[in-house]
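Commentary on secondary and tertiary structure
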Amino acid sequence: MTAKIIYGKEVANKIKEEVKSKVLMLEKKPALTVILVGENAASKVYVNNKHKMCKKLGIKSDIVVLPEDTTQAFLLDLIKKLNNDKNISGILVQLPLPKHIAEEAVINTVHPLKDVDCFHPENIGLMFAGQPRFLPCTPAGVMEILKFTGVNLSGMNAVIIGRSNIVGKPQAILLLEKHATVTIVHSRTKNIASIVKNADLLVSAVGIKHFVRAEMVKEGVIVIDVGINRIKEKLYGDVDFDEVVKKASYLTPVPGGVGVMTIAVLMQNTLKAYELQQTHNI
Ligand code: GUN
């Protein structure tokens, strides 16, 4: 079998066009503020990509770049100011943060109605309860890719590699909503290989180049590669693409797969944040 390759661009374009046309109709435009603390090279690329996409869709966007030695108190203060600024629809603090800043404190300080990442416990809780306000960008992007395949996920053995708050955990909830049987495997899981081998759908978010090899997967598996592993300026996924492509039914490339979807969902969330502020008058 040779996999159908799913390019995120095709799926993302439709979402982006929808956001663009809705934004065009608005008198006042949504506005996203992205905060970048420190010198992480990958984060700089992601933040610039988010900024460019906002521009393309008519969303106002600001990047606030802060030095590595920014104090937690200063960062929290800035977030509180943005929370109270009626002209700001969405706030995104790029992760990872320098070690002296507690991620949890930052996530909990962003106003839940401006939390376009869907990282705040209130928004995670709403999603968990099946009453989502925002959707987490990368996992929701994966769901859009799966919707694009037209495959029915009901009853599928879905295996997620990685249990992060950004991808693995929320991905499990979204797949469960679609009636998949979900297993998360992680660094302490015994016998990962045998669990992965049983997967009808595999979502890999482990962050190790070519962790998923052809002999680990079942013939006909759907493979979504969320990994972005930067080695000497070149990007690799978690999946050994050239080998797994011969066995899977669908496969996403890196780059060109999930990454663009993350940004597309972020744009949807920013528009949603704008709309929520209109109705809640904050
Ligand atoms: N770092 C890696 N992915 C993300 C993301 O989706 N949002 C933020 N804020 N930081 C990230």
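Quick note: structure is the one above.
Thresholds applied
Residues numbered from 1 in each chain as written. Predicted model: local features only at pLDDT ≥ 70, side-chain atom pairs only at ≥ 80, totals over all residues. Heavy atoms only, no water. Pairing = 2+ DSSP bridges. Helix = DSSP H or I, 4+ residues; strand = E, 2+ residues; numbered from the N terminus. Axes fitted to C-alpha atoms, helices over the stretch in contact; angles between N-to-C directions. Expected span 1.5 Å × (residues − 1). Buried < 20%, exposed > 50% of the residue type's maximum accessible area, 1.4 Å probe, protein only. Arc of directions from axis to C-beta.

A word on the sheet that holds strand E5 (residues 157-161). Pairing is parallel across the open sheet formed by 6 strands, whose spatial order is E1-E11-E8-E7-E5-E6. Every other strand in the sheet has two partners, leaving strand E1 (4-5) and strand E6 (181-185) as the edge strands with one partner each. Relative to E6, E5 runs parallel, the two sharing 5 bridges. Within the sheet, the bridge partner assigned to Val159 lies in E6 and is Thr183.

The next point concerns the sheet that holds strand E3 (residues 60-66). Overall, parallel pairing links the 3 strands, which are arranged E3-E2-E4 in an open sheet. Each edge of the open sheet is held by one strand with a lone partner, namely E3 and strand E4 (90-93). Geometrically, the sheet is characterised by an average inter-axis angle of 15° between neighbouring strands, direction not taken into account. Relative to E3, strand E2 (residues 31-37) runs parallel, the two being bridged by 7 bridges. Bridge pairing links Thr33 to Asp62 in E3.

Further remarks concern helix H2 (residues 41-57). Over its 17 residues, H2 extends 25 Å from the first C-alpha to the last, a length consistent with the 24 Å expected when each residue adds 1.5 Å. Every buried residue of H2 is accounted for by Ala42, Ser43, Val47, Lys50, Met53, Cys54 and Leu57. For H2, the buried positions fall inside an angular range of 130° around the axis, keeping them on one side. Turned more than 90 degrees away from the buried face of H2 sit Ala41, Lys52, Lys55 and Lys56, all of them exposed.

Look at the link from Leu95 to Pro96: it is a cis peptide, with omega at 0°. One can find Pro96 in the loop between E4 and helix H4 (103-109). Cis geometry marks the peptide bond from Val254 to Pro255, where omega comes out at -5°. Checked against the element boundaries, Pro255 lands in the loop between strand E11 (250-251) and helix H10 (258-280). Of note in the backbone geometry, Asn191 takes a positive phi value of approximately 60° without being a glycine. Within the secondary structure layout, Asn191 lies in the loop between E6 and helix H8 (192-197). Look at Asn191 and you get exposed, because its relative accessible area is 54%.

None of this, on its own, says anything about what the molecule does.
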